[in-house]
Amino acid sequence: QQPVQSPQAVILREGEDAVINCSSSKALYSVHWYRQKHGEAPVFLMILLKGGEQKGHDKISASFNEKKQQSSLYLTASQLSYSGTYFCGTGVGAGSYQLTFGKGTKLSVIP
Amino acid sequence: NAGVTQTPKFQVLKTGQSMTLQCAQDMNHEYMSWYRQDPGMGLRLIHYSVGAGITDQGEVPNGYNVSRSTTEDFPLRLLSAAPSQTSVYFCASSYSRAGGVFTEAFFGQGTRLTVV
C-alpha cells in the first residue's frame, strides 16, 4: 500500500519555505526521500530510520515520527534548483529491501 | 564510474512482441530492482533481487520476468508486450549496511517504452 504524500503540488517563490508530508498505514522502519527533475532519474536526498531521527542537508531537512508513521521534508529558503517532484519511499523492516513509493509532490519554485 | 546503466533509452514495440530491458551496475551492489513510473502513480516495484540467483516479485510483476546470473546485471523481460506496459522503466541498485538496512538507491536514466 502506497504511502500518502501531501500536498500533491505546491508553488513557491524563491526564498519561501515548504513542507512535504508522507504518511503510511503500516509500521515503518525507514523512510527515504528522493527528488526527480523532469525527464531525469530520481536522486537520493536522505534516509531516516526508526527512532525519530532527523537529518539535514544544506537547507533541506526531514523528520520521522514512528508513532504516527509519518515523515516530513522541510525545504527552507527555496531556490530555483529545488523544483521537481519529491517522492518518499517507505520500508517496513530492517531487512526489508522493498521500498514502496508515494505518488509524489510536485514542487515549483518561481522567481 | 558509470553507476547504473540502462539500455535502450527509448523503445517502441508492437503488441505481442517480446523484448529485454538491460540494466548493469558497476558498484558491486547486492540489491537491484526494477520500477515502472506512470503519470500520477509514482514508482511501483516490479521485481527485485538481493543477490545473484535470487529474485522476487514486487508490487506489479505480471507480464515481466527477471533473472540475476551475475551481481552486475539484472535484465527485465517483457514476455508479450501490451499497451498497458507503456511506461518509463527505472532500474536501481543499492547495498545494505550494518543492521541490514539498505542504503540509498542509485537509479539508471530510465527506458521509455511505448507499446502500440
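Definitions and cut-offs
- Residues numbered from 1 in each chain as written.
- Chains lettered and ligands numbered in written order.
- Predicted model: local features only at pLDDT ≥ 70, side-chain atom pairs only at ≥ 80, totals over all residues.
- Heavy atoms only, no water.
- Helix = DSSP H or I, 4+ residues; strand = E, 2+ residues; numbered from the N terminus.
- Buried < 20%, exposed > 50% of the residue type's maximum accessible area, 1.4 Å probe, protein only.
- 1 Å grid on protein atoms, 1.4 Å probe; cavity = no way out; pocket = protein on both sides within 12 Å on 5 of 7 lines; lining within 4 Å.
- Points joined across faces, edges and corners; volume = space filled by probe spheres on them.
- Nonpolar A, V, L, I, M, F, W, Y, C, P; charged D, E, K, R; others polar.
- Contact = heavy atoms within 4.5 Å.
- Buried area = accessible area lost by both parts, 1.4 Å probe.

Novice: For this particular structure, what's the right way to read unusual backbone geometry?
Specialist: Excluding glycine, a negative phi dihedral is what most residues carry, and trans is how most peptide bonds are arranged. Between S6 of chain A and P7 of chain A the backbone carries a cis peptide bond, its omega angle lying at -10°. Structurally, P7 of chain A can be placed in the loop between β1 (4-6) and β2 (9-13). At the junction of T7 of chain B and P8 of chain B, the peptide bond is cis and its omega measures out at -5° in the coordinates. Within the element layout of this structure, P8 of chain B appears in the loop between β1 (4-7) and β2 (10-13). Unlike most non-glycine residues, Q69 of chain A shows phi in positive territory, near 55°. When you line up the elements, Q69 of chain A lands in the loop between β7 (60-65) and β8 (70-75). The class of Q69 of chain A is buried, set by a relative accessible area of 16%. For A77 of chain A, which is not glycine, the phi dihedral falls at a positive 45°. Among the structural elements, A77 of chain A can be located in the loop between β8 and β9 (84-91).

Novice: Please clarify how the layout of surface pockets should be interpreted in this entry.
Specialist: Unfilled space is identified by rolling a water-sized probe across the atoms. The calculated volume of the largest pocket comes to roughly 900 Å³. Lining the largest pocket are 38 residues, and of these Q36, T85 and F87 of chain A together with Q37 and P39 of chain B sit closest to its centre. Within the residue set of the lining of the largest pocket, elements represented by two or more residues are β1, β9 and β11 (105-110) of chain A together with β4 (31-38), β9 (87-94) and β11 (111-115) of chain B. Of the residues contributing to the lining of the largest pocket, the split by class is 10 nonpolar, 21 polar and seven charged.

Novice: Would you take a moment to explain the interface of chain A and chain B for this structure?
Specialist: Put simply, an interface is often sized by how much accessible area is lost when its parts join up. Each partner contributes to the interface: chain A provides 21 residues, whereas chain B provides 27 residues. Interface area, chain A with chain B, both sides summed: about 2100 Å², of which 61% is carbon and sulfur. Those elements giving two or more residues to the side of chain A that touches chain B turn out to be β4 (30-36) and β5 (43-49) of chain A. Its residues assigned to classes, the side of chain A that touches chain B comprises 12 nonpolar, seven polar and two charged.

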